[in-house]
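Residue strings, one per chain:
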Amino acid sequence: MTSEARKSIHGTWTGKWTFILAAAGSAVGLGNIWKFPYMAGEYGGGAFVLVYLVCILLIGVPIMIAEILLGRRGRRSPANTMAYLAVEARAFPQWKYLGMMGAVAGLLILSFYSVAAGWAFAYIFEEFNGTSAEYYGQEFDSFLKDETRLIFFHSIFIFATIFIVARGVIKGIEIWINRLMPILFIIIVLLCVYATQTGAFFEGVSYLFTPDFSKINAKVILAALGQAFFTLSLGMGAIMAYGAYMPANQNIGSTALYVAFLDTLVALLAGIAIFPIVFANNLEPAVGPGLVFVTLPWAFVNMPLGIIFGKLFFVLLTIAALSSAISLLEPGVAWIVESLKIKRYIAAAGLGFIAWTLGIFSALSFDLLAGFTPIGDKNFFDSLDFLSNQVLLPLGGIFIAIFVGWVMKRSDVFEELNLKEGLVLKAWFFLLKFVSPLVVGLIFVLAVFFGVVT
Ligand code: PFF
């Protein structure tokens, strides 16, 4: 049966734009504005950015198309979609574990994502009157040791996520994303304009876009690949869950391209805004997760109307994080609602509580639990980040590519895409069938071989 004939029990987006906005809402978040710049700084600038862009185009976009396609054809939560499509393709029923693994990965990510979102939330109340960029470095360091504040903001953020998912993402998202995302975009553009006035604009931009090929190694490639999955919300069923609510007549290919383009644009603009500030103030690009929280407050201090822009920026960043966080919780909640036939709010509260509890360990991992390093020398926060982004998401991506490329009937795949067989379709299928699984698999092998973890 085609997706036209079916509808998800959780509803359908009211129009084409709403799916794009919801998917972009999931994709654009802390990954673009907080994580992309600090990872670029940590992994050597242009070399990382180049590998990242290649991963987005050759692996991310094809897998995004595959995920939307799966969701829309299944019209269920990712776990049940995979179970249903496995039957349709006469494949092993164990494919459902792919959807379940995604729901678990979503909870793991949500647990530390919410802690980092809590930082953005807390910074809404920052004064923006420090006297140097270093001042903000020290502020951030002491903030990370203030457990009560960290847990407070983490708790409110998770609560808001639960609240929206409990009401149903469709209702929850449609109301505000349409209006708020464009404003966030304008502020980032304004920050880029400010960056041109720092005196180090060229230095910052060339750091981002001039690849030093000698810096490309297995570690950088794995990090860039993981970031590509993370930023596009791929590999764990978030986009699959949203695909289930997509109108049947919407073009999946162009939608995926559009979302990936918007997402990449926001990440690059964030980088263009941040690195000139880094160099103009002789800061260290590789400071890690604090980068945005050190550079941008200092920019706001120096900008006309900076206090207002600063507050607005962190409000919007928190909202962008919220629209991503709900897509982390949705696959698990939709699955439980369908399978156990319990109320949405109970499922949302139960899973949200698990993420909240795990998040407490992440919140404590910068001070009280700093000595607890589950993976290599990484603290709990970084370990979860590494495990989910650089292992679970790419692994999920490989299996999604294999399922659509090799297991599903080709005619079903093409029917769902609703495109004439032409060069573009063939190129996509080739990338999905061969390039994605092989390249991601190879990167894994290299990573293990070169001991990336330790
Ligand atoms: N893409 C989001 C971001 O860049 O902030 C994070 C995210 C959301 C990752 C949903 C994975 C996911 F399934």
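Residues numbered from 1 in each chain as written. Predicted model: local features only at pLDDT ≥ 70, side-chain atom pairs only at ≥ 80, totals over all residues. Heavy atoms only, no water.

(A) A look at the site of the ligand. What surrounds the ligand is a group of 15 residues, the closest being Ala27, Gly31, Tyr113, Phe230 and Met236. Contact distances for the ligand include 3.0 Å between a nitrogen atom and a side-chain N or O atom of Ser233. Burial of the ligand by the surrounding chains reaches 100%, relative to a free accessible area of 340 Å². Among the secondary structure elements, those contributing two or more residues to the shell around the ligand are helix H1 (16-27), helix H2 (30-42), helix H10 (218-231) and helix H14 (306-340). (Near = heavy atom within 4 Å. Polar contact = N/O pair within 3.5 Å; in protein donor to acceptor, adjacent residues only side chain to side chain. Areas by Shrake-Rupley, 256 points an atom, 1.4 Å probe, with all protein chains shown as cover. Helix = DSSP H or I, 4+ residues; strand = E, 2+ residues; numbered from the N terminus.)

(B) Fine view of the side chain of Gln227. Within the secondary structure layout, Gln227 lies in helix H10. On the basis of relative accessibility, which here comes to 1%, the residue Gln227 falls in the buried class. Setting aside residues no more than four positions away along its own chain, Gln227 makes contact with Gly31, Lys35, Phe36, Met39, Phe48 and Tyr52. (Buried < 20%, exposed > 50% of the residue type's maximum accessible area, 1.4 Å probe, protein only. Contact = heavy atoms within 4.5 Å.)

(C) Structural context of unusual backbone geometry. The phi torsion at Phe128 lies on the positive side, around 55°, for a residue other than glycine. Relative to the helices and strands, Phe128 is located in the loop between helix H5 (96-123) and helix H6 (133-144). Despite not being glycine, Lys341 shows a phi value in the positive range, around 55°. Structurally, Lys341 can be placed in the loop between H14 and helix H15 (344-364).

(D) Inspection of the packing of aromatic side chains at higher detail. Per the counting criterion, the structure on display carries 42 aromatic pairs. Here the basic side chain of Lys35 rests over the ring of Phe230, its NZ or CZ set 5.1 Å away from the ring centre. Residue placement shows Arg76 over the ring face of Tyr84; its charged tip is 4.1 Å from the ring centre. (Phe/Tyr/Trp six-rings, centres within 6.5 Å; stacked < 30°, edge-to-face > 60°. Lys NZ or Arg CZ within 6 Å of the ring centre and 35° of its normal.)

(E) Here's a closer look at the side chain of Ser323. By secondary structure assignment, the location of Ser323 is in helix H14. In terms of polar contacts, Ser323 uses its side chain to reach the backbone carbonyl oxygen of Gly25, at 2.9 Å. Within polar-contact distance, the side chain of Ser323 engages the backbone oxygen of Ala320 at 2.9 Å.

(F) View of the packing of H15 against helix H16 (residues 380-407). Where H15 contacts H16, the two axes come as close as 7 Å, and the packing angle between them is 125°. The orientation of H15 with respect to H16, classified from their angle, is oblique. Residue-level inspection shows Leu358, Phe361 and Ser362 of H15 in contact with H16, the latter providing Phe380, Phe381 and Leu384. Its residues assigned to classes, the contact of H15 with H16 shows 5 nonpolar, 1 polar and no charged. (Axes fitted to C-alpha atoms, helices over the stretch in contact; angles between N-to-C directions. Parallel < 35°, antiparallel > 145°, perpendicular 65-115°, else oblique. Nonpolar A, V, L, I, M, F, W, Y, C, P; charged D, E, K, R; others polar.)

(G) The arrangement of the pattern of salt bridges in detail. Going through the model one piece at a time under the given rule, you end up with 8 salt bridges. Asp412 is the partner of Arg73 in a salt bridge, and the nearest nitrogen-oxygen pair spans 3.6 Å. Of this pair, Arg73 sits in helix H3 (residues 46-74) while Asp412 sits in helix H17 (residues 410-417), and the two are 339 residues apart along the sequence. Between Glu415 and Arg73 there is a salt bridge, with the nearest N and O atoms lying 3.1 Å from each other. Residue Glu415 is located in helix H17, and its partner Arg73 is located in helix H3; the two are separated by 342 residues in the primary sequence. Look at Arg73 and you get buried, because its relative accessible area is 2%. (Salt bridge = Lys/Arg side-chain N within 4 Å of Asp/Glu carboxyl O.)

(H) Region of the structure containing the packing of helix H12 (residues 252-280) against helix H13 (residues 291-302). The geometry of H12 relative to H13 is characterised by a closest axis approach of 9 Å and an angle of 80° between their N-to-C directions. Here H12 is positioned roughly perpendicular relative to H13, judged by the angle of their axes. When H12 is examined against H13, the residues Ile274, Phe275, Ile277 and Val278 are found in contact with a partner set consisting of Leu291, Val292, Thr295, Leu296, Trp298 and Ala299. For the contact of H12 with H13, the residue count by class is 9 nonpolar, 1 polar and no charged.

Geometry only, nothing functional implied.
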